[in-house]
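Now for the letters of each chain:
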Amino acid sequence: MNVLHPITTQRTVLRLVEVADAWKLLRYREYNREHLAPWEPLRDDAYYTLDHCVQTLAESREAVRLDRAYPFFAMDLSGQEVLACVTFANVVRGAFQACHLGYSVALRRQGQGLMQEVLETALPWAFHQLDMHRVMANYMPRNERSGRLLERLGFEREGYAKRYLQIAGVWEDHVLTARVREP
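Residues numbered from 1 in each chain as written. Predicted model: local features only at pLDDT ≥ 70, side-chain atom pairs only at ≥ 80, totals over all residues. Heavy atoms only, no water.

Engineer: Lay out the overall build of the protein chain in plain terms, naming residues and giving numbers.
Structural biologist: Counting its secondary structure elements, the protein chain contains five helices and eight strands. The order of helices and strands in the protein chain, counted from the N terminus, is β-β-α-α-α-β-β-β-α-β-α-β-β. For a compact globule of 183 residues, the expected C-alpha radius of gyration is about 16 Å, and the protein chain comes in at 16 Å, within 12% of that figure. In terms of overall dimensions, the protein chain has a C-alpha envelope of 40 × 40 × 30 Å along the principal axes. (Helix = DSSP H or I, 4+ residues; strand = E, 2+ residues; numbered from the N terminus. Rg over C-alpha atoms; globule rule 2.2 N^0.38 Å.)

Engineer: Kindly report on the environment of Asp-131, identifying the contributing residues and their values.
Structural biologist: Relative to the helices and strands, Asp-131 is located in the loop between helix 4 (114–128) and strand 6 (134–139). Taking the C-alpha atoms as reference points, Asp-131 and Leu-36, 95 residues apart in sequence, are found 30 Å from one another. Setting aside chain neighbours within four positions, we find Asp-131 in contact with Arg-93, Gln-97, Ala-126 and Arg-181. (Contact = heavy atoms within 4.5 Å.)

Engineer: Before we move on, can you summarise the sheet that holds strand 5 (residues 98–105) with the specific residues and values?
Structural biologist: The sheet built from eight strands is open, its strands ordered 1-2-3-4-5-6-8-7 with mixed pairing. The strands lining the two open edges of the sheet, one partner per strand, are strand 1 (7–8) and strand 7 (156–167). Helix 3 (residues 50–65) contacts strand 2 (12–16) and strand 3 (70–76) of the sheet and is inclined by roughly 120° relative to strand 3. (Pairing = 2+ DSSP bridges. Axes fitted to C-alpha atoms, helices over the stretch in contact; angles between N-to-C directions.)

Engineer: Now, about the pattern of salt bridges: what can you tell me, with residues and values included?
Structural biologist: With the rule as written, the count across this model stands at 13 salt bridges. Asp-45 serves as the salt-bridge partner of Arg-33, at 3.1 Å between the closest nitrogen and oxygen. In this pair, Arg-33 is assigned in helix 2 (residues 33–36) and Asp-45 in the loop between helix 2 and helix 3, connecting sequence segments 12 residues apart. Among the residues examined, Arg-33 registers a relative accessible area of 35% and is labelled partly exposed. One salt bridge in this structure joins Arg-181 and Asp-131, with 2.6 Å as the shortest N-O distance. Taken together, the residues Arg-181 in the segment after strand 8 (170–180) and Asp-131 in the loop between helix 4 and strand 6 connect sequence positions 50 residues apart. Residue classification places Arg-181 among the partly exposed positions, given a relative accessible area of 27%. (Salt bridge = Lys/Arg side-chain N within 4 Å of Asp/Glu carboxyl O. Buried < 20%, exposed > 50% of the residue type's maximum accessible area, 1.4 Å probe, protein only.)

Engineer: Go over unusual backbone geometry with me, naming the residues and quoting the values.
Structural biologist: A positive phi angle is found at Asp-67, which is not glycine, with a value near 60°. With respect to the helices and strands, Asp-67 occurs in the loop between helix 3 and strand 3. Of note, the phi angle at Arg-163 is positive, near 45°, even though the residue is not glycine. For Arg-163, the location among the structural elements is in strand 7. Given a relative accessible area of 54%, Arg-163 falls into the exposed group.

Engineer: A description of helix 4 should follow, citing residues and the corresponding values.
Structural biologist: Spanning 15 residues, helix 4 covers 22 Å between terminal C-alpha atoms, matching the ideal 21 Å at 1.5 Å per step. For helix 4, the full list of buried residues reads Leu-114, Met-115, Glu-117, Val-118, Leu-119, Ala-122, Leu-123, Trp-125, Ala-126 and Phe-127. (Expected span 1.5 Å × (residues − 1).)

Engineer: How would you sum up the pairing of strand 8? Please name residues and give values.
Structural biologist: Examined bridge by bridge, strand 6 and strand 8 share six bridges and lie antiparallel to one another. Residue pairing for strand 8: Ala-137 is matched across the bridge by Thr-177. Bridge analysis of strand 7 against strand 8 gives eight bridges, and the strand direction is antiparallel. Among the inter-strand pairings, Gln-166 is bridged to a residue of strand 8, identified as Trp-171.

Engineer: I'd like a rundown of the pairing of strand 2, residues and numbers included.
Structural biologist: Of all five residues in strand 2, five are buried; the element is thus mostly enclosed. Pairing between strand 1 and strand 2: two bridges, direction antiparallel. Residue pairing for strand 2: Thr-8 is matched across the bridge by Val-13. Following strand 1, the chain reverses through three residues before pairing antiparallel with strand 2. For strand 2 and strand 3, the ladder comprises five bridges, and the chain directions are antiparallel. Along strand 3, the bridge assignment pairs Arg-15 with Phe-73.

Laid out in structure tokens, this is it:
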């Protein structure tokens, strides 16, 4: 598979994660701990250590090698700071050709259109480089920003899952959406 990266947007460099990025990931996790907590599973203190970041990135690279997931960092143009994270996960090949999209953006970059800019570049990559037919993204109903973003990106509501994922210690309902590749 031809994995083209980095991909440059107006304000970011989007590239697959590397184990050498552990300090950058740790900084992103630490700076955004409170901001992301309502939208993620409960995290123990070990999650916010360099060792855990190294392990996460090593596992991420193995997932790329196995064609299971493609985790990206959206870095500032200098390549020093993680501004956002994007992952095409749970890749299924064959008759399905689909994956799930997950993403987060740094608190100080929220509300600036950055996530839309990044995903407008990442989604065509997933459809064409990864040859995905369907990209699915799910969000909690109270996360209206995420719902509006996905709608702007062409995702359509396909369902509603009660108590779908345990987020911040609570089983949360999710709106199920997907975007299907244009013929």
